[in-house]
Amino acid sequence: MTDFAATRAMFDLPAGVIYLDGNSLGPLPRAAAARVAQAVSDEWGKLLITGWNKAGWMDQPSRIGDRIARLIGAEPGTVVMGDTLSIKVYQALASALEMNPARRVILSDTGNFPSDLYMAEGLCRTLGNGYELKCVDPEQVAGAIDASVAVLLITEVDYRTGRRHDMADLTMRAHAAGALTVWDLAHSAGAFPLTVAQDGADFAVGCSYKYLNSGPGGPAFIYVAPRHADVARPALSGWLGHAAPFAFDTSYRPGAGIERMRVGTPPVLQLAALEAALDVWDAVDLNDLRTASLALSDRLIAGVESACPTLTLATPRDHAQRGSQVSFRHPQGYAIMQALIARGVIGDFRAPDILRFGLTPLYIGAQEIDAAVAILAEVMSRDLWQTPEYQVRGRVT
Ligand SMILES: Cc1ncc(COP(=O)(O)O)c(C=O)c1O
């Protein structure tokens, strides 16, 4: 059994805060601060440029990729780190489209994160030639997979509602129709066990700063199924994805396997933070994590529904369709969230009316859920959100 009291002790959370936003930005793992300080002073400070070899900086993206592979149910040697998730969406999508040249449609859904849709639009514009993004409601995806679809581009867990798609089923349907799949695991990796290889995903991408706790701006990961790894051609063909970067050839030759999905210089300090953050996962059984996460989300739903009748549940009740967050709708959602944050309960707001609470058993327990429900009940019953300062929107909501 995973010892969640032990994992909790591995995080540095401010006193008096109930942190329910690890689905947006994970908190600071204690070891990460020390590891980054060491990378700064001992590696950068003392090794200078020799750190690329001596401190293993150049191998970091695939070394860490292998640790992420374990968390997402992927084979060793199939995941590499780098860039932001938006860039990795573009990278995966461009390769997948090129591998299905007779077709022109990217199929996605309206529950996808806007950046994924924007990247797809931009790619279609660059490619011209009739490429188009088709976006349907999440419930319509399965029925919309037809012989025109080149690539199915889906975010497994909806960032607003926490609704989870069935990766194995949609991938099977896509393959049966001759389409490839790109899965965005931003709200999945570290949220529950994944079986990316078993489910047959062609490409998968995700970020490290949410449930994996790499810190603000932490790099993304990309997975390419082994059957495609030496076939997929990177559209963002940077020098570190070249077969021989230090040969400085004037034309591009893709590197072997997943290495070709690298683009440029890796973010060494962020990767140092991530490497330390991943140590937390060494003692975590992902099935225990899932059981505990569902118990927390059930508890939050029951508590809020009984204490705050004006909030409407936006997250599926069915466990199979739920990620590791719970969302409620309310027309004054933004002000309510500000009132909560002012009282130490940190979640976030997503337009137009969603209050989001990310739940991770690594550092949240039943006690925090009950305390958060009690504070939310007070905010609602006494209309504490009506204070004018809670109506003022920050740049990040
Ligand atoms: C599902 C999803 N895809 C893509 C992104 C964009 O990630 P990035 O800002 O790292 O490019 C996010 C950011 O939260 C996301 O939630």
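Provided above is the structure to which this section pertains.
Owing to the predicted nature of the structure, the values given are computational and were not obtained by experimental measurement.

## Thoughts on the nonpolar core
Counting 83 residues, the largest nonpolar core has Ile68 and Ile72 as the members making the most contacts within it. Of all the elements, helix H13 (residues 366-381) adds the most residues to this core, at 7 residues. What Ile68 contacts, discounting residues up to four positions off in sequence, is Val79, Met81, Leu212, Phe221, Leu274 and Leu278.

## Description of the pairing of strand E10 (residues 220-224)
Most of E10 sits inside the fold, with 5 of its 5 residues counted as buried. Judged by which residues are buried, E10 turns out to be covered on both faces: Ala220, Ile222 and Val224 on one side and Phe221 and Tyr223 on the other are all buried. Pairing geometry for strand E4 (residues 79-81) and E10, over 3 bridges, is antiparallel. Directly across from Val80, in E10, lies its bridge partner Ile222. Note that strand E9 (residues 203-207) and E10 share 5 bridges and pair antiparallel. Bridge pairing links Cys207 to Ala220 in E10.

## Focus: the state of the cysteines
Here the structure, examined in full by the defined rule, presents 0 disulfides. No disulfide involves Cys135; its nearest neighbouring cysteine sulfur is the one of Cys124, lying 11 Å away.

## Considering the pattern of salt bridges
Counted under the stated rule, the structure contains 24 salt bridges. The salt bridge partner of Glu156 is Arg164, with a shortest N-O separation of 3.1 Å. With respect to class, Glu156 is no different from Arg164; both count as buried. Notably, a salt bridge pairs Arg299 with Asp370, separated by 2.8 Å at the nearest N-O pair. Of this pair, Arg299 sits in helix H11 (residues 286-307) while Asp370 sits in helix H13, and the two are 71 residues apart along the sequence. The partly exposed category is assigned to Asp370, whose relative accessible area is 36%. Here the residues in one salt-bridge network are Arg35, Glu43, Arg63 and Glu275, joined through shared partners.

## A closer look at the side chain of Arg262
Tracing the chain through its elements places Arg262 in the loop between E10 and helix H10 (268-279). Of note is the side chain of Arg262, whose polar atom sits 3.0 Å from the backbone oxygen of Met58. Sequence-distant contacts of Arg262, defined by excluding residues within four places in its chain, comprise Met58, Pro61, Val80, Leu236, Gly238, Leu240 and Gly241.

## Overview of the packing of H11 against H13
Axis separation between H11 and H13 bottoms out at 10 Å; the angle between their running directions is 20 degrees. When the interaxial angle is binned, H11 and H13 end up roughly parallel. You can see that H11 and H13 cross each other, and the crossing is right-handed. Every residue of H13 that contacts H11 at Leu296, Arg299, Leu300, Gly303, Val304 and Ala307 is listed here: Ala366, Ile369, Asp370, Val373, Leu376 and Ala377. Within the contact of H11 with H13, the residues separate by chemical class into 9 nonpolar, 1 polar and 2 charged.

Rules used throughout
- Residues numbered from 1 in each chain as written.
- Predicted model: local features only at pLDDT ≥ 70, side-chain atom pairs only at ≥ 80, totals over all residues.
- Heavy atoms only, no water.
- Core = buried A, V, L, I, M, F, W, Y, C linked by side-chain atoms within 4.5 Å.
- Buried < 20%, exposed > 50% of the residue type's maximum accessible area, 1.4 Å probe, protein only.
- Helix = DSSP H or I, 4+ residues; strand = E, 2+ residues; numbered from the N terminus.
- Contact = heavy atoms within 4.5 Å.
- Pairing = 2+ DSSP bridges.
- Disulfide = S-S within 2.5 Å.
- Salt bridge = Lys/Arg side-chain N within 4 Å of Asp/Glu carboxyl O.
- Polar contact = N/O pair within 3.5 Å; in protein donor to acceptor, adjacent residues only side chain to side chain.
- Axes fitted to C-alpha atoms, helices over the stretch in contact; angles between N-to-C directions.
- Parallel < 35°, antiparallel > 145°, perpendicular 65-115°, else oblique.
- Left-handed = near helix turned anticlockwise from the far one by under 90°.
- Nonpolar A, V, L, I, M, F, W, Y, C, P; charged D, E, K, R; others polar.

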